[in-house]
Structure formats: C-alpha cells, structure tokens
Amino acid sequence: MVELVQSAQTVTKSDTVTVNREIEVKLLAEPGKLQSALKLPALAGIALQPRARTLDTIYYDNKVGALQNAGVALRVRRAYGRHIMTVKFPASLSAGMFGRDEIEVRIPSAKPDIEKFGSDVAARIRQIIGQKPSRILNQIPDKPQSERPDDGIMPAFATVFKRRTGMLIDGITRIELALDSGTIEASGKKQSLDEIELELKEGNETTLYELASVLAREGGLRLSPMTKAQRGSLLA
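Residues numbered from 1 in each chain as written. Predicted model: local features only at pLDDT ≥ 70, side-chain atom pairs only at ≥ 80, totals over all residues. Heavy atoms only, no water.

1. Details of unusual backbone geometry
Phi angles above zero are rare outside glycine, and tyrosine 80 is one such case at about 55 degrees. Mapped onto the elements, tyrosine 80 comes out in the loop between β4 (73-79) and β5 (82-90). Although it is not a glycine, serine 187 sits at a positive phi angle of roughly 50 degrees. With relative accessibility at 59%, the residue serine 187 sits in the exposed group. (Helix = DSSP H or I, 4+ residues; strand = E, 2+ residues; numbered from the N terminus. Buried < 20%, exposed > 50% of the residue type's maximum accessible area, 1.4 Å probe, protein only.)

2. As for the pairing of strand β8 (residues 173-186)
In the sheet, strand β7 (residues 154-170) pairs with β8 via 13 bridges, with the strands oriented antiparallel. Its bridge partner lying in β8, threonine 165 is registered against alanine 178. Where β7 hands over to β8, the hairpin turn is made up of two residues, of which glycine 171 adopts a positive phi near 65 degrees. Direction of pairing for β8 relative to strand β9 (residues 189-202): antiparallel, over a ladder of 13 bridges. Counted as the bridge partner of alanine 178 is glutamate 197 from β9. (Pairing = 2+ DSSP bridges.)

3. A closer look at the nonpolar core
Within the largest apolar cluster, 23 residues are counted, with the highest numbers of intra-cluster contacts made by Leu27, Leu177, Ile196, Leu198 and Leu215. Elements supplying a minimum of two residues to this core: β2 (18-28), β8, β9 and α3 (205-219). It is α3 that contributes the most residues to this core, five residues altogether. By size, the runner-up hydrophobic cluster in this structure holds 19 residues, among which are Leu67, Val72, Val105 and Val121. (Core = buried A, V, L, I, M, F, W, Y, C linked by side-chain atoms within 4.5 Å.)

4. Quick word on the pattern of salt bridges
Enumeration according to the criterion identifies 16 salt bridges in this entry. The salt bridge involving lysine 26 is made with glutamate 24; its shortest N-O contact spans 3.2 Å. We note a salt bridge from glutamate 197 to lysine 26, for which the minimum N-O separation is 2.3 Å. Of the two residues, glutamate 197 is situated in strand β9 and lysine 26 in strand β2; the sequence distance between them amounts to 171 residues. (Salt bridge = Lys/Arg side-chain N within 4 Å of Asp/Glu carboxyl O.)

5. What to know about helix α4 (residues 228-235)
All of the buried residues in α4 are Lys228, Ala229, Arg231, Gly232 and Leu235. Taken around the axis of α4, the buried residues stretch over an arc of 165 degrees, which confines them to a single face. (Arc of directions from axis to C-beta.)

6. With respect to the side chain of arginine 100
Tracing the backbone through its elements, the reader meets arginine 100 in strand β6 (residues 99-107). One buried charged side chain, arginine 100, makes no salt bridge at all; its nearest oppositely charged neighbour is glutamate 22, positioned 4.5 Å away. Discounting chain neighbours no more than four positions away, the residues touching arginine 100 are Asn20, Arg21, Glu22, Gly71, Val72, Ala73, Lys88, Phe89, Ala91 and Thr227. (Lys, Arg positive; Asp, Glu negative; His and termini not counted. Contact = heavy atoms within 4.5 Å.)

7. Description of the environment of leucine 48
Within the secondary structure, leucine 48 is located in the loop between β2 and β3 (53-61). Sequence-wise, leucine 48 and leucine 38 are ten residues apart; in three dimensions their C-alpha atoms are separated by 9.8 Å.

8. Notes on the side chain of serine 224
Mapped onto the elements of the fold, serine 224 is located in strand β10 (residues 222-224). At 3.2 Å, the side chain of serine 224 forms a polar contact with the backbone nitrogen of methionine 226. Serine 224 has contacts with Lys26, Leu28 and Phe98, leaving out every residue within four places of it along the chain. (Polar contact = N/O pair within 3.5 Å; in protein donor to acceptor, adjacent residues only side chain to side chain.)

9. A closer look at the packing of aromatic side chains
Enumeration according to the criterion identifies one aromatic pair in this entry. When the ring of tyrosine 59 is compared with that of phenylalanine 157, the centres are 4.7 Å apart and the planes differ by 15 degrees; the resulting orientation is stacked. Taken together, the residues span a long stretch of sequence, with tyrosine 59 in strand β3 and phenylalanine 157 in strand β7 at a distance of 98 residues. Look at tyrosine 59 and you get buried, because its relative accessible area is 4%. Residue classification places phenylalanine 157 among the buried residues on the basis of a relative accessible area of 8%. The cationic tip of lysine 228 hangs over the ring face of phenylalanine 161; the distance from NZ or CZ to the ring centre is 5.0 Å. (Phe/Tyr/Trp six-rings, centres within 6.5 Å; stacked < 30°, edge-to-face > 60°. Lys NZ or Arg CZ within 6 Å of the ring centre and 35° of its normal.)

10. Looking at the pairing of β2
Pairing of β2 with β6 involves six bridges; the strand directions are antiparallel. Within β6, the position partnered with glutamate 22 by the bridge is arginine 100. Here β2 runs beside β10; their pairing, made up of three bridges, is antiparallel. Following the sheet pairing, lysine 26 is matched in β10 by serine 224.

Right, here's the structure in full:
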C-alpha cells in the first residue's frame, strides 16, 4: 500500500554543490485540468504542501543552442528569495530515458557563474559551448543580443509556474509528486505548462513507472519524454 505524506522543502546551502542522479517521469495534462488528477484513486488522500511555490526559472545557452544540442540544460531558478543554479547532463544508457545527472549550487543572482559548479563541471560546459577558459561566463554583457559573442551564454527562454508537492511512500520507495501549472516563455511567445512530475527519491524504479502508468491510464494524462528545457528550446 502506498502511504501519502506531505513533503518537506529542501534548500541548498550557499556554495554547497549537490550532485544527484535524477530519475523522473512527466505527465502532461490539458490546460486547467491538472487539479482533477488529485481525484484519481492512486492519489486519494495525498497531502500536498498547503501553499504553492512560485518558481521563476531562466534557461541559458549560447547563440547556436550548443547546450541543448548536447542534451544539457543550464538554468537559474528563483524561489523563496534564493537563486539556485542547476546543470543537467544526460545520464548513462543504463539509467534509461528518464535518468539525468543533476548538479546544483546556490548563487547570489540570476546570472549564471559556472565556476561555482567546480572546475571539472565548468570545463565540461565550456567544452560544449566552445568557450576558452579565459572567458568569464558570469559576466553577461548588457548589450543587444547581436553584439554579444556568438559563444557566450545568454538567456534562452524562461518558465514561470506554481508548484505544489507531496511525497508518496511505498515500503523503501519514496516518490515526490509535483503539480506544476504556469507558462513557458520564449521569443515573445507563451505556451501553457500543466504537468505532473514524479521523481524517484529512493527505492524501486518499477514502482515509479507503475504509478506513472496508472495515472496516464486512469487520468487521461500523457506521458512525455520531453523536459521543460526541451519544450522551451522548441518554442524559442
């Protein structure tokens, strides 16, 4: 039997780099119908956070989209007055299509400073975007886009959404459920964002996939292999 409890908010401490193997499944809902998913038997009685968090996120890339082309997402997310910079790399094939390597660190502003990830990760990002170490990535010029260096990191698109979370526990397996509702914004265009994220925090992957299958089948939700970063890049 799955036990449903309210999840706690985890905050990354300043200058502390955390590294995780992220395994999560996304399910898309029709606009305005996300809340109805909570009425599904599989989620009966779930205790979500009483108040939704507003998450403002800017995704960064260079002019030719080198990071996205490499399957890498670099973002800075603001919540509770803090800025968390995150980079996600494709995981090994053994992790499957829903696995990604996630590295994050708290930074003082929305401007990305990849050196905060540590020299190895920063070098990996620089290699992808073709940028020499002498370039300082956190100094994004306040100039028109046409005057910025072709290999410089710049804002690519943004997401703004409200999130409520809850934790599902089944024996040794812990799955965080997040309801996200808002928009993806790029190049003056907006796309609605209504989805459920199921992230495996601990335990058996099979339980994660079984729950996702039940929600898709019974709730009319659509399984999606696309991340927010991929959707944003298509919109940009």
